[in-house]
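Next come the chains, spelled out residue by residue.
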Amino acid sequence: MRVMVFVKATEDSEKGLGPVEEMKEMFDAMGKFNEELVNAGVMVAGDGLKPSSHGKRIHFDGPSRTVIDGPFAEARELVAGYWIWEVKDMDEAVAWAKRCPNPMMGPSDLEIRPFYEMEDFGEVLTPETTERYERITDKMASE
Amino acid sequence: MLASPTNFADKAGMAADPTHRAIEAVFRIERARLMAGLARLTRDVDRAEELAQDALLVALTEWPTSGVPANPGAWLMAAAKRRAIDGIRHTQMRERKLAALAREMDEEQGMSAEALEAALDDPLGDELLGLIFAACHPVIGPEGRAALTLRLVGGLTVEEIARAFLSNEAAIAARITRAKKAIAKAGVQFEVPRGAELAARLPSVLEVVYLIFNEGYAATAGPSLVRPPLCGEAQRLGRILAGLMPEQPEVLGLLALMEIQASRLAARAGPDGKFVPLTEQNRARWDQLLIRRGLNALERAEALGGANGPYALQAALAACHARARRAEDTDWRRIAALYDRLRQVMPSPVVELNRAIAHSMAFGPDAGLALVDQIADAAMLRNYAPLPAARGDFLLRAGRRAEAKAQFEAAAALAGNDRERDYLLRRAADC
């Protein structure tokens, strides 16, 4: 199964990169961990994200679309980085996540979320709706 | 101690316990490396499996109270080694080995945690690679190699392997036993071959990984929509190999080929579960993440001077399709040129036939007909339905309907299954 692992933002990460020495140390530790993930065939992708001050939000409400510039409040609700992992089950994802070096200077969180797979839709996706979905995505591909 | 190295926690009915599940997950992560270290130590795969299983039992007893150690891999290895020594003491055998092991253990016990970690760590992954090379040794037949690799490196149970290969457990267990005996008899070392020997033995490793992948890939056309785990296991093995041997272009070529082919898994079956050919697939369902990974691996293989390796060339062919957003955007000239190169390094009548098809798409039906005439006498293609089917297609596109009809009918008579036959008869009727 495929999971996305979110590195949740903190007040610190929202300020940008930390002091050079500390960042170096963390990059070394994280680099080693990433290499382990690659060597185990677990790593599919992963990257860090700039603070939300570089980001934008598009707010939807009926026909209206409002663009909101960052930074955004509630650092704990924001994301500072992510991985995509290929694992056997959630237990394995948790075991890997526990091996991650501290992703932030202070207390912080990782959040693991499994991807939906076609089988999950089961009853929801009848052959007819699958076909309709295919027609729509066909159109998207040719645009 | 346990005759069959299946999942102990499941058997004991403890699978539902979250602590045990967590311990098992840690064990699964460490298992391949643990097996590799123990196989090198004992030079006996069965013994290594027993010791690994014993170490899991100790962990299941101790970790719930002591917590998971900081370096679980080193902990499990130390526990397994202790068991090995106990075993040797108990049977009073191999005394010299016992003395050496005991000395090693005594030294380790006097070490700091960091030193122990360093001593047991396998930072280059040499032991794991050694295990893969042993499991894929050419003294074992390809199917035996595949089963043994899935068991030892992938950590799949015999039951899981049997399900994946649509076989039964007894047959797979026998296959694995034969493979282990062949290794023992040949005195295979659990070492990574070097230099010329590496070059000689790498192809048998890559062959096994691709065989595992293709078993999964071909099986997706089956009646069930459940995706077989084999493609995923093969991709995992490919990524492990690419991580451990980043300088081997053909390893990267094979990885690229698998990632790009796997990107189409979801699109290969239509809503009715039937197989959908490449040119008719809904490309929006191709996994762009896997395509990017595949293209990246291919780029690295080519940068290492491996552009003309058989796997890199096949990956380059797959990449041509992956890059085309619509079937009609396919760069058939490039595909034709790649087949011109592939036939040099991987000569086979099937490659020649595919080359003829590519040339017909790039340069018109007459180019295809000229090439297909050159290979029509190949023994391997004599009863091969795709040959007359391709010729029929070229003739039809050249406006020679009557001749095309005869070719499609000849192909239908050779077709391997009903679906293919129906399709060819339909094409004959349309001429």
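Residues numbered from 1 in each chain as written. Chains lettered and ligands numbered in written order. Predicted model: local features only at pLDDT ≥ 70, side-chain atom pairs only at ≥ 80, totals over all residues.

*Asks:* Please set out the overall build of chain A residue by residue, giving values where relevant.
*Replies:* Counting its regular elements, chain A contains four helices and six strands. Each helix and strand of chain A, placed in order from N terminus to C terminus, yields the pattern β-α-β-β-β-β-α-β-α-α. The buried share of chain A, reckoned over its 143 residues, is 16%. Contacts in chain A between residues at least 24 apart in sequence constitute 72% of all its contacts with a sequence separation of at least 6. (Helix = DSSP H or I, 4+ residues; strand = E, 2+ residues; numbered from the N terminus. Buried ≥ 20, exposed ≤ 12 C-beta atoms within 10 Å, placed from the backbone. Contact = placed C-beta atoms within 7 Å.)

*Asks:* Could you give an account of the sheet that holds strand β2 (residues 43–48) of chain A, naming the residues involved and the relevant values?
*Replies:* Residue and element names in this part refer to chain A. Strand order across the open sheet formed by four strands is β2-β5-β1-β6, with antiparallel pairing between neighbours. If you trace the sheet from one side to the other, it starts and ends with β2 and β6 (110–114), each paired once. Within the sheet, the average angular offset between the axes of one strand and its neighbour, ignoring direction, is 15°. Summarising the sheet, β2 and strand β5 (residues 79–86) pair through five bridges and their orientation is antiparallel. Across the sheet, A45 pairs through a bridge with I84, a residue of β5. Helix α2 (residues 90–99) rests against β1 (2–8), β5 and β6 of the sheet, and its axis sits at about 160° to β6. (Pairing = 2+ DSSP bridges. Axes fitted to C-alpha atoms, helices over the stretch in contact; angles between N-to-C directions.)

*Asks:* Please provide a residue-by-residue account of the environment of T330 of chain B, values included.
*Replies:* Inspection of the secondary structure assignment puts T330 of chain B in the loop between α15 (310–323) and α16 (332–345). Here T330 of chain B is in contact with C320, H321 and A324 of chain B, once residues within four sequence places are set aside.

*Asks:* Mind laying out the nonpolar core, listing which residues take part and the relevant values?
*Replies:* Side chains of nonpolar character tend, in soluble globular proteins, to be buried together. Grouped together as the largest cluster of nonpolar side chains are 127 residues, with contacts concentrated most on W85 of chain A together with M35, A80, L131, V209 and A315 of chain B. For this core, the element with the most residues is helix α2 (residues 18–42) of chain B, which contributes twelve residues. Each residue touching L131 of chain B, except ones within four places of it in the same chain, is listed here: M35, A36, A39, L152, V153 and F190 of chain B. (Core = buried A, V, L, I, M, F, W, Y, C linked by C-beta atoms within 7 Å.)

*Asks:* Could you give an account of the packing of α2 of chain B against helix α3 (residues 45–66) of chain B, with specific residues and numbers?
*Replies:* Residue and element names in this part refer to chain B. Running from N to C, α2 and α3 point in directions that differ by 145°, and their axes come no closer than 9 Å. As for how α2 packs across α3, the hand of that crossing is right-handed. Residues T19, H20, I23, F27, R31, L34, M35, L38, A39 and T42 of α2 form the contact with α3, whose own contacting residues are V45, R47, A48, L51, A52, A55, L56, A59, L60, W63 and P64. Taken together, the residues that form the contact of α2 with α3 break down as 16 nonpolar, three polar and two charged. (Left-handed = near helix turned anticlockwise from the far one by under 90°. Nonpolar A, V, L, I, M, F, W, Y, C, P; charged D, E, K, R; others polar.)

*Asks:* Break down the pairing of β1 of chain A for me, citing the residues and quoting the values.
*Replies:* All names here are of chain A. Judged by which residues are buried, β1 turns out to be one-sided: V3, V5 and V7 face inward and are buried, whereas R2, M4, F6 and K8, on the alternate face, are not. Pairing of β1 with β5 involves seven bridges; the strand directions are antiparallel. Residue pairing for β5: V7 is matched across the bridge by G81. Pairing of β1 with β6, which is carried by five bridges, proceeds in the antiparallel orientation. Looking across to β6, one finds that V3 is bridged to P114.

*Asks:* Which residues make up the confidence of the model for chain A, and what values go with them?
*Replies:* Across chain A, pLDDT averages 85, with 83% of residues at or above 70. Per-residue pLDDT stays below 50 along residues 139–143 of chain A; that stretch engages in six contacts with residues further than four places along the chain or on separate chains. (pLDDT = per-residue confidence, 0-100.)

*Asks:* Can you explain the confidence of the model for chain B? Please cite residues and give values.
*Replies:* Keep in mind that low pLDDT regions are not for reading the predicted coordinates in detail. All names here are of chain B. Of all residues in chain B, 84% attain a pLDDT of 70 or more, and the chain-wide mean is 85. The secondary structure element of chain B with the lowest average pLDDT is helix α1 (residues 8–11), at 44, and the one with the highest is α15, at 97. Every residue in residues 110–120 scores below 50 in pLDDT, and together they form nine contacts with partners more than four places removed in sequence or on other chains.

*Asks:* Now, about the packing of helix α18 (residues 365–375) of chain B against helix α19 (residues 386–397) of chain B: what can you tell me, with residues and values included?
*Replies:* All names here are of chain B. Where α18 contacts α19, the two axes come as close as 8 Å, and the packing angle between them is 145°. Our pair here, α18 against α19, has a crossing hand that is left-handed. Taken together, the residues of α19 that come into contact with α18 (itself represented by P365, G368, L369 and V372) are A390, R391, F394 and R397. By residue class, the composition of the contact of α18 with α19 is five nonpolar, one polar and two charged.

*Asks:* Let's hear about unusual backbone geometry: which residues, and what values?
*Replies:* Trans is the common state for peptide bonds, and a negative phi is the common state for residues other than glycine. The amide bond that connects G70 of chain A to the next residue, P71 of chain A, takes the cis arrangement and shows omega of 0°. Positive phi, normally seen in glycine, also occurs at E74 of chain A, with a value near 60°.

*Asks:* Residues and numbers for helix α1 (residues 20–39) of chain A, please.
*Replies:* Since the α-helix turns once every 3.6 residues, residues separated by three or four places project in the same direction. Its 20 residues place the ends of α1 of chain A 28 Å apart at the C-alpha level, agreeing with the 28 Å of an ideal helix rising 1.5 Å per residue. Once α1 of chain A finishes, G41 of chain A follows within two positions and takes phi at roughly 75°, a positive value. (Expected span 1.5 Å × (residues − 1).)

*Asks:* I'd like a description of the pairing of strand β4 (residues 64–69) of chain A, backed by residues and values.
*Replies:* Residue and element names in this part refer to chain A. Within β4, only zero of the six residues are buried, leaving the element largely exposed. In the sheet, strand β3 (residues 56–61) pairs with β4 via six bridges, with the strands oriented antiparallel. Note on β4: the bridge partner recorded for F60 is R65. Counting the residues in the hairpin turn of β3 and β4 gives two residues, including G62, whose phi is positive at 60°.

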